[in-house]
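Secondary and tertiary structure notes
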Amino acid sequence: MKQQEQAAGEVLVAGSPAMRRLLETLDKVASSDAVVRICGESGTGKGYIARHLHQRSARAAGPFVEIACANLPENLFESELFGYEKGSHTDASETRRGRLEEAAGGTVLFDGLGELAPTQQAKLLRLLQERCFERLGGHESIPLNARVLVTSAEDLEQAVEQGRFRRDLFYRLDVVRLEVPPLRERADDIDRLATVFLRHYRKLYGKPMKVFTADARGLLRRHRWPGNVRELRNVVEHAVLTSEGREVDAPDLRLGRPPAIPQLLEDGARQGMSLAEVEAAYIRRVLLETRGNYTRAARVLGISRKTLLQKRRRYGIPD
Ligand SMILES: Nc1ncnc2c1ncn2[C@@H]1O[C@H](COP(=O)(O)OP(=O)(O)OP(=O)(O)O)[C@@H](O)[C@H]1O
Ligand SMILES: [Mg+2]
């Protein structure tokens, strides 16, 4: 999956004014070693831009190491990042280098920064302040020899205000900010991106040459793209697989399905839906929007993750 994501990403589509501005800033900061924070809605291409920045940097010949913050269990954080010495804990039958050592000479990307637990935030802050670290159970101080990039889909300023993210860490990371605009503000890129993905999936699945009909292109341009570039990519992949013949037409695109929220309330009122039914429908809608990320969905809904899971069970919403 990840590999496929990268393979289609060989062409950086950035023809819209918003993306051209972004690339201008990117070029200015690429060669320095400054920390760059890449923010933007989910699926806008933050990871993609981060890799591009690495390739344009003085460290391009070095490794690019990505650390997915959301998937790091609290107890694995240190051994994963810093590595460990033989015998430092029961499973440590030999010395292992951590991801930071692997990134030496290159770039390290902390992806999904907003998901870091408070103890992890403290350790990251220390790392950035001291620019060196030790393996677990080790005494040797190893310099951090990697450019640091971070991405976050959530509003970190707000997370700081709400006390969920350390202010001192935020300032360390907020040196250069690149904002990747949502796809709906990059109308000029939609057509080109769709064509790039169409070619990629046609080849991948061994399908004949295909083109979009004018109707299909119109629909792509009008859609709001809550899931941004990733949604567009999935929609095109689906269309390549299911459309017959040499054209991809509007109905092949499977778009416009999840009801907009005002529409949901309108229909609900007309059909005499109960409050619980509306709540269940709204939760489903938000889970769709956050692609099943409970932490993010809970934040949008303004309830705890635990309450969200309880409601999900009560309403029988599948995960
Ligand atoms: N400008 C672009 N040109 C070509 N492909 C792109 C572009 N931007 C994004 N993509 C593709 O869109 C998909 C989503 O991009 P990416 O994973 O970088 O998004 P993201 O913002 O990191 O998402 P998330 O917040 O979920 O981590 C990837 O398959 C990527 O290759
Ligand atoms: Mg990403």
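Residues numbered from 1 in each chain as written. Chains lettered and ligands numbered in written order. Predicted model: local features only at pLDDT ≥ 70, side-chain atom pairs only at ≥ 80, totals over all residues. Heavy atoms only, no water.

1. A look at helix H13 (residues 275-289)
In an α-helix, one turn spans 3.6 residues; hence positions three or four apart end up facing the same way. Taking 1.5 Å as the rise per residue, H13 with 15 residues should run 21 Å; its terminal C-alpha atoms sit 21 Å apart, in good agreement. When H13 is considered as a whole, its buried residues turn out to be Val 278, Ala 280, Ile 283, Arg 285, Val 286 and Leu 287. The positive-phi residue at the C-terminal boundary of H13 is Arg 291, with phi of around 50°. (Helix = DSSP H or I, 4+ residues; strand = E, 2+ residues; numbered from the N terminus. Expected span 1.5 Å × (residues − 1). Buried < 20%, exposed > 50% of the residue type's maximum accessible area, 1.4 Å probe, protein only.)

2. A short note on the site of ligand 1
Near ligand 1, the surroundings consist of 18 residues, among which Val 13, Lys 46, Gly 47, Tyr 48 and Arg 233 are the closest. Contact distances for ligand 1 include 3.0 Å between an oxygen atom and a backbone N or O atom of Gly 43. Arg 233 is positioned with one of its side-chain polar atoms (N or O) 2.6 Å from an oxygen atom of ligand 1. Protein contact buries 93% of the 640 Å² of open area that ligand 1 shows by itself. Secondary-structure elements contributing two or more residues to the shell around ligand 1 are helix H3 (46-56), helix H9 (187-204) and helix H11 (228-242). The residue makeup of the shell around ligand 1, split by class, is 7 nonpolar, 5 polar and 6 charged. Both domains that meet at the shell around ligand 1, namely domain 1 (17-179) and domain 2 (187-253), each give it at least three residues. (Near = heavy atom within 4 Å. Polar contact = N/O pair within 3.5 Å; in protein donor to acceptor, adjacent residues only side chain to side chain. Areas by Shrake-Rupley, 256 points an atom, 1.4 Å probe, with all protein chains shown as cover. Nonpolar A, V, L, I, M, F, W, Y, C, P; charged D, E, K, R; others polar. Domains from an automatic or database assignment.)

3. Regarding the packing of aromatic side chains
The final tally for this structure, using the stated rule, is 3 aromatic pairs. Where Phe 170 meets Tyr 171, the ring centres are 5.5 Å apart and the plane angle is 70°; that geometry is what we call edge-to-face. Both rings, one in Tyr 201 and one in Tyr 205, keep their centres 6.0 Å apart while their planes meet at 15°; by these two values the pair is stacked. Using a relative accessible area of 2% as the deciding quantity, one classes Tyr 201 as buried. (Phe/Tyr/Trp six-rings, centres within 6.5 Å; stacked < 30°, edge-to-face > 60°.)

4. As for the packing of helix H14 (residues 294-301) against helix H15 (residues 305-315)
Taken N-terminus to C-terminus, the directions of H14 and H15 make an angle of 95°; their axes are 9 Å apart at the nearest point. Our classification of the angle between H14 and H15 gives roughly perpendicular. Along the contact surface, H14 presents Tyr 294, Thr 295, Ala 297, Ala 298 and Leu 301, while H15 presents Arg 305, Leu 308, Leu 309 and Arg 312. Residues that form the contact of H14 with H15 fall into these classes: 6 nonpolar, 1 polar and 2 charged. (Axes fitted to C-alpha atoms, helices over the stretch in contact; angles between N-to-C directions. Parallel < 35°, antiparallel > 145°, perpendicular 65-115°, else oblique. Contact = heavy atoms within 4.5 Å.)

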